[in-house]
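One letter stands for each residue in the lines below.
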Number of protein chains: 2
Amino acid sequence: MGIVAADISMSLDGYIAGPNDTLEQGLGERGERLHEWVYELAAWRSRHGLPGGTTGSINEQMDEAYKNTGATIIGRRMFDIAEGPWGDEPPFHMPVFVVTHRARGPLAKQGGTTFYFVTDGIDSTLAQARAAAGEKNVGVGGGASVIQQFLVRGLLDELHIHLVPVLLGGGRRLFEPDSPPYMEFEITRVAQSPGVIHLSFQPTR
Amino acid sequence: MGIVAADISMSLDGYIAGPNDTLEQGLGERGERLHEWVYELAAWRSRHGLPGGTTGSINEQMDEAYKNTGATIIGRRMFDIAEGPWGDEPPFHMPVFVVTHRARGPLAKQGGTTFYFVTDGIDSTLAQARAAAGEKNVGVGGGASVIQQFLVRGLLDELHIHLVPVLLGGGRRLFEPDSPPYMEFEITRVAQSPGVIHLSFQPTR
């Protein structure tokens, strides 16, 4: 059985989206700034059907993490925001489980991505994602609420934070008070690529 | 003229003190956890009149930064909390300027630390600290409010954050909304020592 790993970009002041986010501007004001670093990576571009991009150590790590992942879990809000931009061929190319309160049948897209809408909670979502992933890992793509729920329940094996050196001054925080109330981590990666710091942590239980 | 550099320990969820802080427990619940890494450093121990401690790259960087600093600025709350614990010989061994609304004459302690209480604002405090520091740097020791004021006014040349891999779940945040509203930094240091990640940034104006 694989591990469960969350991967997310965060500003220095702790936000994963900027102020005044809406369904149309899901990342809020200047929130796109948090993802600029990834658009240049060859691994990201290839998943989006784009040529070229930068290679190197971080690109290889991202590519390997992606190849080792057999299913992804996301929140309902992330789905609502990104379904349009993702288009007919979303960049997952694997089963994606959406944590939601709205029942809906599976939604198959081109390129191997099928969205499954799970209405009976985090534990059931994880069980279904594990089954779909087989020996591979389960990725937790966000948003903040889903990652917090995984942390609170002790379900996360690894947390990868890409720290972008900007202050957004407001928006959606990755960590809200008491979500969880207290937790310690072991540092498992500290790396840098242009304009971003890559940090990995494992909860120490 | 030297630079103006802030130096502070922060939890992964962005707090510089834990929940429910009081004058008696100024760092709040588990806030001391953020400073454990520094107590082991030879540079810190020597300033506190203690023998031994760990050496190495980070210790040398901290020691050099300290030796290049000619005056320190702190907030009134930090003074109130720490004056007792600092004892008769505070660990600064230099002039310390306290940003406050309460007028008070200079307070000379043993070992070269004199506290000056400045009631006419940040700009005046910095001018006095610069004059006292001469060719050396001015350090900004915290708390969060003072560092935010320096950021908002564009008075900070360097920001050193020691990121401790814990979630405190509440407390005092280093970065509050709109303090400042938006800001970009260049990454100037990414380093690791046991249980802490050392990050340095320069505002890009």
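As a reminder, the structure under discussion sits directly above these lines.
Conventions and cut-offs
- Residues numbered from 1 in each chain as written.
- Chains lettered and ligands numbered in written order.
- Predicted model: local features only at pLDDT ≥ 70, side-chain atom pairs only at ≥ 80, totals over all residues.
- Heavy atoms only, no water.
- Buried < 20%, exposed > 50% of the residue type's maximum accessible area, 1.4 Å probe, protein only.
- Helix = DSSP H or I, 4+ residues; strand = E, 2+ residues; numbered from the N terminus.
- Pairing = 2+ DSSP bridges.
- Least-squares fit on C-alpha atoms with pLDDT ≥ 70 in both.
- Contact = heavy atoms within 4.5 Å.
- Axes fitted to C-alpha atoms, helices over the stretch in contact; angles between N-to-C directions.
- Salt bridge = Lys/Arg side-chain N within 4 Å of Asp/Glu carboxyl O.
- Arc of directions from axis to C-beta.
- Buried area = accessible area lost by both parts, 1.4 Å probe.
- Polar contact = N/O pair within 3.5 Å; in protein donor to acceptor, adjacent residues only side chain to side chain.
- Nonpolar A, V, L, I, M, F, W, Y, C, P; charged D, E, K, R; others polar.

Draft legend 1. How the structure looks around the pairing of strand E8 (residues 158-164) of chain A. All names here are of chain A. The element E8 is largely enclosed, with a buried count of six among its seven residues. Two strands pair when backbone bridges link them, and strand E1 (residues 4-11) and E8 are joined in this way by seven bridges, in the parallel orientation. Note on E8: the bridge partner recorded for Ile 8 is Ile 161. Sheet topology places E8 next to strand E12 (residues 196-203); five bridges connect them, and they run antiparallel. In the sheet register, Ile 161 faces E12, and the bridge partner there is Leu 199.

Draft legend 2. Here's a closer look at the relation of the copies chain A and chain B. Of the transformation superimposing chain A on chain B, the axial component is 0.0 Å and the angular component is 180°, with the fit at an RMSD of 0.0 Å. Here the symmetry operator amounts to a two-fold rotation axis. Among all residues of chain A, the minimum C-alpha distance to the rotation axis is found for Gly14(A), at 3.3 Å. When you check the interface residues of chain A against chain B, 100% turn up at the interface there too, and the contact is symmetric in its surfaces.

Draft legend 3. A look at the sheet that holds E12(A). Spatially, E5(A)-E6(A)-E4(A)-E3(A)-E7(A)-E1(A)-E8(A)-E12(A)-E11(A)-E9(B) is the arrangement adopted by the 10 strands of the open sheet, whose pairing is mixed. Of all strands in the sheet, those with a lone pairing partner are strand E5 (107-108) of chain A together with strand E9 (166-167) of chain B, marking the two edges. Sheet topology note: the strand E4 (residues 95-99) of chain A/strand E6 (residues 114-118) of chain A ladder contains five bridges and is parallel. Bridge assignment links Pro95(A) to a residue of E6(A), and that residue is Thr114(A). In the packing of helix H3 (residues 57-67) of chain A onto the sheet, contacts are made with E1, strand E3 (69-75), E8, strand E11 (183-193) and E12 of chain A, and the angle to E11(A) comes to roughly 130°.

Draft legend 4. View of the pattern of salt bridges. A full pass over the atoms with the stated rule returns 18 salt bridges over all chains. Where Arg172(A) meets Asp21(A), a salt bridge forms, and the shortest distance between an N and an O atom there is 2.5 Å. With Arg172(A) in strand E10 (residues 172-173) and Asp21(A) in the loop between strand E2 (15-17) and helix H1 (36-39), the pair connects residues that are 151 residues apart, well separated along the chain. A salt bridge links Arg77(B) to Asp21(B), with the shortest nitrogen-to-oxygen separation between them at 2.8 Å. Residue Arg77(B) is found in helix H4 (residues 76-86), and its partner Asp21(B) is found in the loop between strand E2 (15-17) and helix H1 (36-39); the two are separated by 56 residues along the sequence. Each of Asp21(A), Arg77(A) and Arg172(A) takes part in a single network of salt bridges with overlapping partners.

Draft legend 5. A look at the environment of Met94(B). Residues and elements named next belong to chain B. Within the secondary structure, Met 94 is located in the loop between H4 and strand E4 (95-99). Judged by its relative accessible area of 6%, Met 94 is buried. Placed 10 residues apart in sequence, Met 94 and Gly 84 show a C-alpha to C-alpha distance of 18 Å. Not counting residues within four places of it along the chain, the set of residues in contact with Met 94 comprises Tyr 66, Thr 69, Gly 70, Ala 71, Thr 72, Gly 112, Thr 113 and Thr 114.

Draft legend 6. Spotlight on helix H3 (residues 57-67) of chain B. All names here are of chain B. Of all the residues in H3, the buried ones are Ile 58, Asn 59, Met 62 and Tyr 66. The buried residues of H3 all sit within an arc of 105° when viewed along its axis, so they share a single face. Exposed positions of H3 whose direction lies more than 90 degrees from the buried face are Glu 60, Glu 64 and Lys 67.

Draft legend 7. Broad picture of the pairing of strand E1 (residues 4-11) of chain B. Residues and elements named next belong to chain B. In terms of residue burial, E1 counts as a mostly covered element, since seven of its eight residues are buried. Bridge count between E1 and strand E7 (residues 137-142): three bridges; the pairing is parallel. If you follow Ala 6 over to E7, its bridge partner there is Val 140.

Draft legend 8. Just the interface of chain A and chain B, in detail. Taken together, the contacts link 33 residues of chain A with 34 residues of chain B. Taken together, both faces of the contact between chain A and chain B bury some 2900 Å²; the carbon and sulfur share is 66%. When the buried area of chain A at its contact with chain B is split by residue, Leu12(A), Leu167(A) and Tyr182(A) rank highest and sum to 23% of it. Where chain A meets chain B, there are two salt bridges. Counting across the chain A and chain B interface gives 10 residue pairs in polar contact (both at pLDDT 80 or more). Every element with two or more residues in the side of chain A that touches chain B is listed here: E8, strand E9 (166-167), E11 and E12 of chain A. Considering each element in turn, the side of chain A that touches chain B owes the most residues, six residues, to E11(A). Grouping the constituent residues of the side of chain A that touches chain B by class yields 24 nonpolar, three polar and six charged.

Any link to function would need more than the numbers given here.
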